[in-house]
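Chains, contacts and geometry: an overview
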Amino acid sequence: MFQPKKKRPRIRRTMSGLIALTLLSSLVFPSIAGAEPAEPSQVQFANVSVQAGQTVHVPVTLKQPYSQVSAYNMQIDYDTSALEVVRITPKSVSTISTSPEETGTGDFQYVINNEEGWVRIIWVDFNAGERLISDEQQLFDIEVKAKSNAAPGTKQLSVDQTDSEHWHFTNVEHNSGAQLSGGTITITAANSGGDNSGSTPTPNPGNSSGGGGGSVSPTTPVVTPVPSTPAVTKGVDIYVNGQKQEQSATASTSTVNNQVTTTVHVDNDKVINQIGSGLRTLLLPITGTGKGAVVGELNGKLVKTMEGSNAEVVIQTDSGTYTLPANQIQVDQILNQFGSTVPLEDITIQIAIVPSATSKQTAIQAAADKLENTTVIAAPIDFEVKAIWNGQQVNVDRFNSYVERTITLPEGVDGSKITTGVVLQPDGSLLHVPTKVIKGNVQDSAIINSLTNSTYALIYHPATFSDVSSHWSRDDVQDLASRLIVQGTGENVFAPDRSITRAEFTAVLLRGLGLHSPRSTEEASFTDVKTGSWYEDEVQTAVSYGLISGYADDSFRPNSEISRAEALTIVSRAMKLVGLAQADASETTSLLSTYSDSAKVQAWAAEPVASAIKQELVQGADGKLMSDADISRAQSAAIVKRLLAKAGLI
């Protein structure tokens, strides 16, 4: 039941009036005398990059609220020769905003002065303590434009924290204020393409050719950007099976479109002679490049030799690590694209870790803004594999099995505030990819496993539902919701005990696995899957990966409720994809016999159900499997989470 809004006093739009109201709030919510927290709250301005003439979003987040905040004000100063502020968007819960151009009064007010180069912002809890800021959250977003004539370099969003008129936080229990960090804006030069990375755009995975999981794109002309600085070359060490191989590679560093790129050229013949047939891992550790791009170069002959040894190549940089099994590069398919008579040693294989272009960063931020309660953590990264020969290029953008890549978080960024990794789709949306966070001594990192190459980012998207707060599935449901795998059925409602349809279960499983487009162009044909339906693409994708097959009458029955046996049959097929062992015939009999209703498990479902039991994805209830019963939304979430966890993907 909603309460009528209390009448709020009108705020004067003078700067002194805004500040006085914030300072007055410390009297409304007096601090406890003599009580000081261990340290002040932390406010973080994101560090961002932007191309001249473009805009960028700067999230402002209260990272560590050591006590509840009842009000704050700040003046943010910036260099008007290079920057201008486009808008301020409040993000705090239950915030009502007004600007000088709007009528009425809100909790949150701001004034932008692009002539003098400052923004004044104020927020006050007018509801007698009902809207205090007590949890970590984004306070507001600053949309900043780099002027078209701005010179490349860095600019700082600054605040005079010594002046209470420019920086003041009122805490309910303490009066320690807050400390500020971040706010660096890196401006890069404009170019005609709109990107500043110098990398090749990632093709739409849905248009990739080839079946069987892995594929390479058709050949395209190589576009070689002209470096703006001469390349500096030096010898570097690489590692074979953990043993240092001195001077077996050279590294050249140059700047292209304001992007520093380090390219490591492996001495292919030397490495082949050293490894014989015992190669397991070829490591190229390239550190000290900061946020620059790193490209490892091998030739097709070395990759083919590694493929025969089931070896992997690892590119290790300051920003991330790419671990790529050689057999996933698919040299034979690449050779078919260029021509079967092309010598393998003439084909250059490039494996790259590249900071995402400004246009992609902007697209990711825009997509995150559309999602509720979502913050982008750290800068997005592109992972790329290309084959080049005689002026032609082939992109390797799809794999037969999950390929691991790691994004290293900047120092001071807490990995526990990452809920998942996401992939940027061609339509500008963000979708989940299996992600797990690893705590480090100095820096945390996020491991992403995917069947494709693309642009990846990390987000914080905490999700809760009122109707699972005391439900057995709470942790599973809220974890998957924070990963964008499951969704609610209404405002803050999940409906955990409601049955789930065949189409809905398929969609949840695909999102969990990070399968967002078909692995081939072959179309599935079901009589009851309508063109334009919300589940059409999901059904097509699931069929292409062999997860669903439909019924004998060529129907899929997307809106029918799915039974536990049917759901586990689909899951057992997914187990093959993620590398989980299934039950054999003898195990099937043994595993099912422990349940009193095992005789009711139909023959076609016996092995899938036993496989799920073997991997501890299901346990039954009261000694029964209830294979014919409908599966609920909560049970579906639990099974999918257990599948991903058992496979080591989350």
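**Considerations on a negative patch on the surface**
A contiguous patch of negative charge on the surface is contributed by Asp267, Asp269, Glu345 and Asp346. Along the chain, the position of Asp346 falls in the loop between α4 (331-338) and β23 (348-355).

**Concerning the sheet that holds strand β2 (residues 48-51)**
Overall, mixed pairing links the 3 strands, which are arranged β2-β13-β10 in an open sheet. Of all strands in the sheet, those with a lone pairing partner are β2 and β10 (153-156), marking the two edges. When the angles between neighbouring strand axes are averaged without regard to direction, this sheet yields 30°. In the sheet, β10 pairs with strand β13 (residues 184-188) via 4 bridges, with the strands oriented antiparallel. The partner of Gly153 across the bridge, within β13, is Ile187.

**Details of unusual backbone geometry**
Only a minority of non-glycine residues have a phi that is not negative, and only a minority of peptide bonds are not trans. Positive phi outside glycine occurs at Ala378, with the angle close to 70°. On the basis of relative accessibility, which here comes to 26%, the residue Ala378 falls in the partly exposed class. Even without glycine at this site, Asn492 takes up a positive phi of about 60°. Mapped onto the elements, Asn492 comes out in the loop between α6 (474-482) and α7 (502-513).

**Points about the pattern of salt bridges**
Scanning the model with the defined rule gives 18 salt bridges in all. A salt bridge links Lys439 to Asp414; the shortest N-O distance between them is 3.2 Å. Here the residue Lys439 occupies a position in the loop between β28 (435-438) and β29 (445-452), and Asp414 occupies one in the loop between β25 (392-408) and β26 (420-424), the gap between them amounting to 25 residues. We note a salt bridge from Lys641 to Asp476, for which the minimum N-O separation is 3.5 Å.

**Quick notes on helix α11 (residues 603-614)**
End to end, α11 covers 17 Å across 12 residues, agreeing with the expected 16 Å (1.5 Å per residue, within 8%). Of the positions making up α11, those classed as buried are Ala605, Ala606, Pro608, Val609, Ala610, Ser611, Ala612 and Ile613. Where α11 is buried, its residues contact α9 (564-578) and α10 (585-593). Glu616, located one to two residues past α11, shows a positive phi value of around 60°.

**Focus on the confidence of the model for the protein**
Chain-level statistics for the protein give a pLDDT mean of 82 and a share of 82% at 70 or above. Across the protein, helix α12 (residues 633-646) holds the top mean pLDDT of 97, while helix α1 (residues 15-28) sits lowest at 49. Every residue in residues 191-213 is under pLDDT 50, and counting partners more than four places away or in other chains gives 58 contacts.

**Quick look at the environment of Leu302**
Structurally, Leu302 can be placed in helix α3 (residues 300-308). A relative accessible area of 0% means that Leu302 is categorised as buried. A C-alpha to C-alpha distance of 5.9 Å links Leu302 and Asn268, two positions 34 residues apart in sequence. Leaving out residues up to four positions away in the same chain, Leu302 has contacts with Val266, Asn268, Val271, Ile272, Ile275 and Leu282.

**Focus on the side chain of Asn395**
Structurally, the position occupied by Asn395 is in strand β25. You can call Asn395 buried: its relative accessible area is 12%. A polar atom in the side chain of Asn395 sits 3.1 Å from the side chain of Gln393.

**Quick notes on the packing of α7 against helix α8 (residues 536-544)**
The description of two helices packed together rests on the angle between their axes and the distance between the axes. Contact geometry for α7 and α8: axes closest at 10 Å, N-to-C directions at 65°. The handedness of the crossing between α7 and α8 comes out as left-handed. Seen from α7, the contacting residues are Thr506, Ala507 and Leu510; seen from α8, they are Glu538, Thr541 and Ala542. Partitioned by chemical class, the residues of the contact of α7 with α8 number 3 nonpolar, 2 polar and 1 charged.

**Some remarks on the sheet that holds strand β9 (residues 137-146)**
Spatial ordering of the open sheet is given by β5-β9-β3-β1-β12, a layout of 5 strands whose pairing is mixed. Every other strand in the sheet has two partners, leaving β5 (83-90) and β12 (178-182) as the edge strands with one partner each. Averaged over neighbouring strand pairs, the angle between their axes works out to 20° when direction is ignored. Strand direction decides the pairing type here: β5 and β9, joined by 7 bridges, are antiparallel. Note on β9: the bridge partner recorded for Pro90 is Phe140.

Thresholds, definitions, all that
The residue numbers shown here count from 1 along each chain, following its written sequence. Note on the predicted model: pLDDT of at least 70 is required for a residue's local features to be given, and 80 or more for side-chain atom pairs to be given and counted; whole-chain, interface and lining totals, by contrast, use all residues. To get the side-chain values, all heavy atoms of the structure are used, and hydrogens and water are removed first. Patches here are clusters of residues that have more than 30% relative accessible area and form no salt bridge, with a 9 Å joining cutoff for like charges and a 5 Å cutoff for nonpolar side chains (Val, Leu, Ile, Met, Phe, Trp, Tyr). To be clear on the numbers: accessible area is Shrake-Rupley with a 1.4 Å probe, and residue cover counts the displayed protein chains and nothing else. For this analysis, a salt bridge means a side-chain nitrogen from Lys or Arg found within 4 Å of a carboxyl oxygen belonging to Asp or Glu. Here Asp and Glu are counted as negative and Lys and Arg as positive; His is not counted, and neither are the chain ends. Charge positions come from single atoms, namely NZ of Lys, CZ of Arg, CG of Asp or CD of Glu. The helix and strand labels rest on DSSP assignments: H or I over at least four residues marks a helix, E over at least two residues marks a strand, and numbering proceeds from the N terminus. The pairing criterion for strands is at least two bridges between them, as found by DSSP. Orientation is described by lines fitted to C-alpha atoms, with helices fitted over the stretch in contact, and by angles between N-to-C directions that extend from 0 to 180 degrees. For each residue, the accessible area found with a 1.4 Å probe, counting protein chains only, is set against the maximum for its type, and the residue is called buried under 20%, exposed over 50%, and partly exposed in between. In a helix, the anticipated span is given by 1.5 Å times the number of residues less one. We call two residues in contact when some of their heavy atoms are within 4.5 Å. Across the chain, each position has a pLDDT score giving the predictor's confidence in that residue, from 0 to 100. For the purposes of these results, a polar contact is taken to be a pair of N or O atoms within 3.5 Å, where, inside protein, one atom must be able to donate a hydrogen and its partner to accept one; residues adjacent in sequence count only when each atom of the pair is a side-chain atom. Crossings are classed by handedness, with left-handed meaning an anticlockwise turn of the near helix from the far one by less than a right angle and right-handed meaning a clockwise turn. Each residue is assigned to one of three groups, with Ala, Val, Leu, Ile, Met, Phe, Trp, Tyr, Cys and Pro labelled nonpolar, Asp, Glu, Lys and Arg labelled charged, and all others, Gly among them, labelled polar.

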